[in-house]
Amino acid sequence: MELAKRLEKIPPYLFTKINRKQNELIDIGVEIINFGVGDPDQPTLNHIIQAMHEAIQDSTNHHYPPYKGLKEYRQAAVDWMKRRFCVEDLNPETEVISSIGSKESIHNICLAFVNPGDYTIIPDPGYPVYRTSTIFAEGKPYPIKLRAENGFLPILRSVPQEVAEKAKLLWINYPNNPTGATASLEFFEELVAFCRHYDILLCHDNAYSEIAYDNYKPPSILQIPNAKDIAIEFHSLSKTYNMTGWRIGFVVGNSLGIKGLSQVKSNIDSGVFKAIQKAAIAAFSTTEKDLQNLVAVYQKRRDILIKGLQSLGYPIKPNLASLYVWVPIPKNYTSQEFATLLLEKCSIIVLPGKGYGASGEGFIRIALTVEEKRIYQALQRMKNAGINYI
Ligand SMILES: *Cc1c(COP(=O)(O)O)cnc(C)c1O
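Residues numbered from 1 in each chain as written. Predicted model: local features only at pLDDT ≥ 70, side-chain atom pairs only at ≥ 80, totals over all residues. Heavy atoms only, no water.

K.L.:
Got a minute to help me understand the environment of Thr179 in this structure?
P.N.:
Its place among the elements puts Thr179 in the loop between β5 (167–172) and α8 (185–198). Look at Thr179 and you get buried, because its relative accessible area is 6%. Between the C-alpha atom of Thr179 and that of Tyr13, which follows or precedes it by 166 residues, the distance is 20 Å. When residues no more than four places from it in sequence are discounted, the contact partners of Thr179 are Pro125, Phe152 and Trp326. (Helix = DSSP H or I, 4+ residues; strand = E, 2+ residues; numbered from the N terminus. Buried < 20%, exposed > 50% of the residue type's maximum accessible area, 1.4 Å probe, protein only. Contact = heavy atoms within 4.5 Å.)

K.L.:
Is there a simple way to explain helix α9 (residues 255–268) in this structure?
P.N.:
Think of an α-helix as turning once every 3.6 residues; residues three or four places apart then point the same way. For α9, which comprises 14 residues, the first-to-last C-alpha distance of 20 Å matches the rise-based estimate of 20 Å (1.5 Å per residue) to within 8%. Of all the residues in α9, the buried ones are Gly257, Ile258, Gly260, Leu261, Ser262, Val264 and Lys265. Lining the buried residues of α9 we find β2 (96–99), α5 (102–113), β6 (201–205), β7 (231–236) and β8 (249–253). With a side-chain oxygen positioned 3.1 Å from the backbone nitrogen of Leu256, the residue opening α9 is Asn254. (Expected span 1.5 Å × (residues − 1). Polar contact = N/O pair within 3.5 Å; in protein donor to acceptor, adjacent residues only side chain to side chain.)

K.L.:
Sorry if this is basic, but what is going on with the site of the ligand here?
P.N.:
Inspection of the region around the ligand gives Gly101, Ser102, Lys103, Tyr127, Asn173, Asn177, Asp205, Tyr208, Ser236, Ser238, Lys239 and Arg247 as its neighbouring residues. Note that an oxygen atom of the ligand is positioned 2.9 Å from one of the backbone N or O atoms of Lys103. Asp205 places a side-chain nitrogen or oxygen 2.6 Å from a nitrogen atom of the ligand. Across the complex, the protein chains shield 93% of the 380 Å² of accessible surface that the ligand would expose by itself. Here the residues of the shell around the ligand sort into two nonpolar, six polar and four charged. (Near = heavy atom within 4 Å. Areas by Shrake-Rupley, 256 points an atom, 1.4 Å probe, with all protein chains shown as cover. Nonpolar A, V, L, I, M, F, W, Y, C, P; charged D, E, K, R; others polar.)

K.L.:
In this structure, what is going on with unusual backbone geometry? I would like to understand it.
P.N.:
Note: most residues except glycine have negative phi, and most peptide bonds are trans. Of note, the amide linkage connecting Tyr174 to Pro175 takes the cis form, showing an omega dihedral of -5°. With respect to the element layout, Pro175 can be found in the loop between β5 and α8. A cis geometry characterises the amide bond from Asn177 onward to Pro178, with omega recorded as 15°. Secondary-structure assignment places Pro178 in the loop between β5 and α8. With a phi angle near 65°, Asn215 is a residue other than glycine that sits in the positive phi range. Summarising the element assignment, Asn215 is placed in the loop between β6 and β7.

K.L.:
Before we go on, may I ask you to explain the sheet that holds strand β3 (residues 119–124) in this structure?
P.N.:
What links the strands of a sheet is backbone hydrogen bonding, and the strands pair in either a parallel or an antiparallel sense. Strand order in the open sheet made by the seven strands is β2-β8-β7-β6-β5-β3-β4, with mixed pairing throughout. Each of the sheet's edge strands pairs with one partner strand only, and the pair in question is β2 and β4 (140–145). Recorded for the sheet is a direction-independent mean angle of 20° between the axes of neighbouring strands. With three bridges connecting them, β3 and β5 associate as parallel partners. Along β5, the bridge assignment pairs Ile121 with Leu170. (Pairing = 2+ DSSP bridges. Axes fitted to C-alpha atoms, helices over the stretch in contact; angles between N-to-C directions.)

K.L.:
Before we go on, may I ask you to explain the side chain of Thr286 in this structure?
P.N.:
Along the chain, Thr286 turns up in the loop between α10 (274–284) and α11 (288–311). Of the residues examined, Thr286 reaches a relative accessible area of 13% and is grouped as buried. Of note is the side chain of Thr286, whose polar atom sits 3.1 Å from the side chain of His47. Within the structure, Thr286 has its side chain in polar contact with the backbone oxygen of Ala283 (distance 2.5 Å).

K.L.:
Before we go on, may I ask you to explain the sheet that holds strand β9 (residues 324–328) in this structure?
P.N.:
Read across the open sheet, the three strands follow the order β9-β12-β11; overall the sheet is antiparallel. Each of the sheet's edge strands pairs with one partner strand only, and the pair in question is β9 and β11 (351–352). The strands touched by α11 within the sheet are β9 and β12 (363–367), with β9 carrying the most contacts at an inclination of about 10°. This element, helix α12 (residues 335–346), spans β11 and β12 of the sheet and lies at about 45° to β12.

K.L.:
What am I meant to see in the packing of aromatic side chains here?
P.N.:
If you walk through the whole model with that rule in mind, you get 16 aromatic pairs. With 5.6 Å between their ring centres and 75° between their planes, Tyr208 and Tyr324 make a pair best called edge-to-face. Linking Tyr208 in the loop between β6 and β7 with Tyr324 in strand β9, this pair joins segments that are 116 residues apart in sequence. Tyr324 shares its class with Tyr208; the two are buried. Pairwise contacts between aromatic rings join Tyr73, Trp80, Phe85, Phe250 and Phe284 into one cluster. (Phe/Tyr/Trp six-rings, centres within 6.5 Å; stacked < 30°, edge-to-face > 60°.)

K.L.:
Is there a simple way to explain the pairing of β2 in this structure?
P.N.:
Residues in a regular strand point their side chains to alternate faces of the sheet. Residues of β2 alternate between two faces, with Val96 and Ser98 on one and Ile97 and Ser99 on the opposite face, all of them buried. Relative to β8, β2 is paired through four bridges, and the arrangement is antiparallel. From the neighbouring strand, Ile97 faces β8, where its bridge partner is Val251.

And the structure:
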């Protein structure tokens, strides 16, 4: 037997080596502090769990769901878009679809739009699924560099004309994983104009729209007038409501995008468990106060971490959003070497920037999913080991 050739084209998982070392250390009883995973450490909010309890008792929820999502769920998503972003006039029949988390729909939109040899324009560094899903669809990922000096925004004029002309999708993600960068509406306007000019489906992965600090409110791409002519936006309940394990999100915007997704999905999966959709409807009505409390936990952790790293000489400023702090590392290490050093000397796990693309080199990603006490501990371990920025 032999695995299909397509699996050979998927880049190797860059964190394998670190995982192996982590397991060795755990086996000999070392207490690891893990800043690697982007998975909220707190439980799902209680009113959502209560809604799930009720929904699961109701046997009408036990059957196949509609693959597009329950009508009530799609309506709730549309209402939320209106409340949160003042995006009006979204049609719940043609402009929104449920997803089994954003990862599913990011993959499926590639299957729906990318022919063999077509380009997708992807951010570098960026969430790895944009690249791998393009490869699954036999397309060609074209990475655009996100550089610190440009606020980690892509420079659109750096895309060669022939790539832009043959590109089917352009991916962006603000608030950004892994850099923590945010984008303005002015930049979104530029993007919409670019994608309109080249007839590219603009895909905005907005997984962190609610995880923002210092009173900053991240925008939706659909706030740009007529953006839905060419743009769709991917929303996920995973990070916002501590629901990574529940697997639910939605995609909203361009009707051809939604149509493509529903055609792919109706042939691959059968949608999201209805009880989970009912719980997700409850999640949309989370009070502003509950959400603020949740985000305040990350903001406090961010402040402790940034302050501590600054005192060790790291040249960083507080980021306005996302679950991550993106830290420049001393020049004499690769990101892989530096992550290994932190693991070996301090028993701290961070992710090497290179795991997110070649332009992630020179940085590590630290997730804010670790409690305050442990962040202080980690900083102390770095201080003791003399791991300063030099
Ligand atoms: C976590 C994450 C996702 C995936 O979220 P799910 O809805 O849990 O699949 C998508 N994009 C980015 C940038 C993420 O960080």
